[in-house]
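Results of the structural survey
What follows is the residue order along each chain.
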Amino acid sequence: QVFQKDGKAIAAQWSASSRTWIEVGEVTGTNENAGTLNGKQYDHILPIEVDVPGGGVQKLQIGYNNGENPFVTAQEFIDEHMLDQNYLPQIADYIRQRAGQSGPTIGMGAGGSTAATNSSSGGMGAPSYASEPAVPMDITPTY
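Predicted model, so just to flag it, every value in this text is computed and none were measured. (Residues numbered from 1 in each chain as written. Predicted model: local features only at pLDDT ≥ 70, side-chain atom pairs only at ≥ 80, totals over all residues. Heavy atoms only, no water.)

**What to know about unusual backbone geometry**
In plain terms, the rule: Secondary structure elements are defined from DSSP: runs of H or I of at least 4 residues count as helices, runs of E of at least 2 residues count as strands, and each element is numbered from the N terminus. Note on classification: 1.4 Å probe, protein chains only; a residue is buried when its accessible area is under 20% of the maximum for its type, exposed when over 50%, partly exposed between these limits.
Unlike most non-glycine residues, Arg19 shows phi in positive territory, near 55 degrees. Turning to its location among the elements, Arg19 is positioned in the loop between β2 (8–15) and β3 (20–26). A relative accessible area of 66% means that Arg19 is categorised as exposed.

The following block contains the structure:
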């Protein structure tokens, strides 16, 4: 878990025996996937390509914040873009893989987020599609 302490991002680990958070150290480096999508800041902006009728590809982006449930994020993305519900596990797995999560935590909801914010992105946009692998999906969006 990452927390904000004295203006710095601090990594911490839960100790079941002492029932407290144990500080591991300061988080350094940058998150090259961070950015803003639809006016909201995200820890990760990930590209997703959707096959469209006629052989074209629609390039979409999904925003994800560390600590959120990737299945909830994927469901919101599916609803927003009117995609086939069968792609929920594929999109959620893609989010987990790209964001570095090993799996969802039981009880995490849509409002879950970390206390730290990524200020190193400077509000920059999403990375280019050429440098980012996208999850291909054979679906036809309904409009």
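**Re the confidence of the model for the protein chain**
As a reminder, the rule being used: Each residue carries a pLDDT value, the predictor's own confidence for that position, ranging from 0 to 100. Contacts: residue pairs with any heavy atoms within 4.5 Å of one another.
Mean pLDDT over the protein chain works out to 72, with 66% of the residues at or above the 70 mark. The secondary-structure element of the protein chain with the lowest mean pLDDT is strand β8 (residues 135–137), recorded at 52, while helix α1 (residues 70–81) shows the highest, at 94. Between residues 102–134, whose pLDDT stays under 50, and residues either more than four places distant or in other chains, the model counts 65 contacts. Counting contacts from residues 138–143, a segment whose pLDDT is below 50, to residues more than four positions away or on other chains yields 21 contacts.

**Some words on the sheet that holds β3**
The strands making up a sheet associate through hydrogen bonds between their backbones, and the pairing can be parallel or antiparallel. Definition in use: Only strands that DSSP links by at least two bridges are regarded as paired with each other. The angle between two axes is taken between their N-to-C directions and runs from 0 to 180 degrees, where each axis is a line fitted to C-alpha atoms and a helix contributes only its stretch in contact.
The strand order across the open sheet built from 3 strands is β1-β2-β3, with neighbouring strands paired in antiparallel fashion. Every other strand in the sheet has two partners, leaving β1 (2–5) and β3 as the edge strands with one partner each. On average, each strand axis in the sheet is inclined to that of its neighbour by 45 degrees, with strand direction left out of account. Judged from the 6 bridges that link them, β2 and β3 form a sheet pairing that is antiparallel.

**Points about the packing of aromatic side chains**
The description of an aromatic ring pair uses the distance of the two centres, along with the angle that the planes make with each other. Quick note on the threshold: Two rings belonging to Phe, Tyr or Trp (six-membered ring only in the last case) form a pair when the distance between their centres is within 6.5 Å. Interplanar angles under 30 degrees mark stacking, angles over 60 mark edge-to-face geometry, and anything in between is tilted.
Applying the stated criterion across every chain yields a total of 1 aromatic pair. Summarising the aromatic geometry, the rings of Trp14 and Trp21 are spaced 5.4 Å apart at their centres and angled 70 degrees between planes, so their arrangement reads as edge-to-face. Since its relative accessible area comes to 44%, Trp14 is described here as partly exposed.

**Observations regarding helix α2 (residues 88–99)**
Rules: How far a helix is expected to stretch is found by multiplying one less than its residue total by 1.5 Å.
If you check α2, its first and last C-alpha atoms are 16 Å apart, about what 12 residues at 1.5 Å a residue would give, namely 16 Å. Taken residue by residue, α2 has Leu88, Ile91, Ala92, Tyr94, Ile95, Arg96, Arg98 and Ala99 as its buried positions. Directly beyond the C-terminal end of α2, a positive phi value near 85 degrees is found at Gly100.

**Notes on the nonpolar core**
The condition that has to hold: Residues belong to one nonpolar core when they are buried, are Ala, Val, Leu, Ile, Met, Phe, Trp, Tyr or Cys, and are joined through side-chain atoms within 4.5 Å.
Formed by 17 residues in total, the largest nonpolar core has its most connected members in Ile48, Ile62, Ala74, Phe77, Ile91 and Ile95. Of all the secondary-structure elements, those providing two or more residues to this core are β6 (44–51), β7 (57–64), α1 and α2. If you tally residues by element for this core, the top one is α2, at 6 residues. Dropping the residues within four chain positions of it, Ile95 is found in contact with Leu46, Ile62, Tyr64, Pro70, Thr73 and Ala74.

**Re α1**
Selection criterion: Arc definition: it is the arc formed by the directions from the helix axis to the C-beta atoms. Under the rule applied, a polar contact is a pair of N or O atoms within 3.5 Å (in protein, one hydrogen donor and one hydrogen acceptor; residues adjacent in sequence only if both atoms are side-chain atoms).
For α1, with 12 residues, the first-to-last C-alpha span of 16 Å sits near the 16 Å given by 1.5 Å per residue. Three or more residues of α1 are buried, namely Pro70, Thr73, Ala74, Phe77 and Ile78. Angular distribution of buried residues about the axis of α1 spans 135 degrees; they occupy a single face of the element. The exposed residues of α1 that point more than 90 degrees off its buried face are Asp79 and Glu80. On its buried face, α1 sits against β6, β7 and α2. A distance of 2.8 Å separates the backbone nitrogen of Phe71 from a side-chain oxygen at the start of α1, and that oxygen is part of Asn69.

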